Amino acid sequence: MKTGHKISLIYSGITIGLLLVAGMVFYFFASNYIRNLYFHYMEEKAHAVAEEKFSKDELDPVKYRNVVIRRNNSIPTSKELFIRVDDRRKAHPALARYLSAEQIERLYANRTVNFEHGAEVGTAFVYYDNTGTFAVIVLSRNPYGADIARTLRWTLLLLVIISSAVLWLISRLYAIRMVDRIDRDYQREKMFVNNASHEINNPLTAIQGECEVALMTDRTGAEYRDTLRRVAHEADRVVTIMRELLHFSHIRSGEAIPEPEPVQMRPLLEAVAAGRCSVDCPDEFTVSGDANLLHMAFHNLVGNALKYSGGKPVSISASGRTITICDSGIGIPEADLPHVFEPFFRASNTSSVSGHGVGLSLARAILERHGARLSVSSKQGKGTTVTVVFK
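All figures in this text were calculated on a predicted structure; none of them were measured in a lab. (Residues numbered from 1 in each chain as written. Predicted model: local features only at pLDDT ≥ 70, side-chain atom pairs only at ≥ 80, totals over all residues. Heavy atoms only, no water.)

*Asks:* Just to check I follow, could you spell out the side chain of His-370 for this structure?
*Replies:* Note that His-370 resides in the loop between α9 (359-369) and β10 (372-379). Residue His-370 is classed as buried on the basis of its relative accessible area of 9%. Within the structure, His-370 has its side chain in polar contact with the backbone oxygen of Ile-366 (distance 2.8 Å). (Helix = DSSP H or I, 4+ residues; strand = E, 2+ residues; numbered from the N terminus. Buried < 20%, exposed > 50% of the residue type's maximum accessible area, 1.4 Å probe, protein only. Polar contact = N/O pair within 3.5 Å; in protein donor to acceptor, adjacent residues only side chain to side chain.)

Below is the structure:
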């Protein structure tokens, strides 16, 4: 299984688990609240029933009528019992049909007892009347609680299912994108390091070989000078590669340009061309940034055009804030075009031309830091066009 899918599964599993726990906790507290609320209404009904039965002869007609109305408007009951408890021994069998021994003790301690009896719920309390002491027991079915609990269960289940599906899709989308991006960057960095090591190793190996050959036998001064020239050439290659790598690393670090300044593009392009190619920039426009970095970027682009043009003309033109560099050289094979911005990548038809494959990548990184978009179009054998568009 891919890493992105694993992360997505772990994240979704943890989140869905938390949702389930939260749903169960909510259901538990909601059910208890509904149950306690129903018992509260049962207690009100029990007291209304007791008042109606035992206070009829003590209340005036108006107050008694209000008691009856309160009783009728309270929740419906299935059974109402009045058990005389002056003699606890005789009352015990009747109470034991509904209450446990512990509940009976609580009842005799003048505490209201809420209980469950089969499919019904009930409330019991002791009522003291001038005719005696009675245990008032009221039983009722709780259709509201069952319906509400069932609705809560299905609602929470539906919410968990929908939330799980949404979370799974979101986590999969972001996790896979993130991991794919990390993996892509890792592979790119790995390739970068491998290619950099290879490019640096080649001239170092050549220097080592030249030194070893030169030390094998005595040679003339001319031969030593020739050897030193080759060593100097290879050392210059190493220095050039290291310089480009340092620039590339610095640009890719994402650090902001410390002191951006307005850069006039026409003088910069003319300086880069240095008479080696034509420059057509009728409109003056400026770019806020680092003049040295911009010079380096266009120097690399123009240098590539001149290097691969085979002596054919190269032109630089500007229109608005778009700069185009065209050559009629060897071009880039279609299969290589998607890779031209990869560090150290060189097209398959450039083996006869010296280079390191860093210039175009460095130019792109510099231009992107300046808010520009760099694109390359090419046809093998017909030439290449590089387009830079500044915002």
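Moving on from the model shown.
*Asks:* Before we go on, may I ask you to explain the sheet that holds strand β1 (residues 79-84) in this structure?
*Replies:* Sheet strands associate in pairs through backbone hydrogen bonding, adopting either a parallel or an antiparallel arrangement. The sheet built from four strands is open, its strands ordered β1-β4-β3-β2 with antiparallel pairing. Because the sheet does not close on itself, it has two edges, and the strands there are β1 and β2 (113-117). Across this sheet, the average inter-strand angle for adjacent strands is 25°, counted without regard to direction. The sheet contact formed by β1 and strand β4 (residues 132-141) spans six bridges and is antiparallel. When the sheet's bridge partners are listed, Phe-82 is paired in β4 with Val-136. Relative to the sheet, helix α3 (residues 88-96) contacts β1 and β4, its axis offset from that of β1 by approximately 160°. In the packing of helix α4 (residues 101-108) onto the sheet, the strands contacted are β2, β3 (120-129) and β4, and the crossing angle to β2 comes to about 150°. (Pairing = 2+ DSSP bridges. Axes fitted to C-alpha atoms, helices over the stretch in contact; angles between N-to-C directions. Contact = heavy atoms within 4.5 Å.)

*Asks:* Sorry if this is basic, but what is going on with the nonpolar core here?
*Replies:* Nonpolar side chains tend toward joint burial in soluble globular proteins. One finds Met-265, Phe-298, Leu-301, Ile-323, Leu-367 and Phe-390 to be the most contacted residues of the largest nonpolar core, which totals 38 residues. For this core, the secondary structure elements donating two or more residues are α7 (265-273), α8 (291-307), β8 (314-319), β9 (322-327), α9, β10 and β11 (383-390). Here the element with the most residues in this core is α8; it accounts for eight residues. Setting aside its immediate chain neighbours within four residues, Leu-367 contacts Leu-294, Ala-297, Phe-298, Leu-301, Ala-372, Leu-374, Val-388 and Phe-390. (Core = buried A, V, L, I, M, F, W, Y, C linked by side-chain atoms within 4.5 Å.)

*Asks:* Explain the environment of His-117 here, please?
*Replies:* In this structure, His-117 sits in strand β2. The spacing of His-117 and Leu-99 is 18 residues in sequence and 8.3 Å in space, taken between C-alpha atoms. When sequence neighbours within four positions are dropped, the list of residues in contact with His-117 reads Arg-97, Tyr-98 and Leu-139.

*Asks:* Please clarify how the pairing of β4 should be interpreted in this entry.
*Replies:* Where a strand is regular, its side chains alternate between the two sheet faces. Burial within β4 is extensive, with nine of its 10 residues counted as buried. Where β3 hands over to β4, the hairpin turn is made up of two residues, counted between the paired strands.

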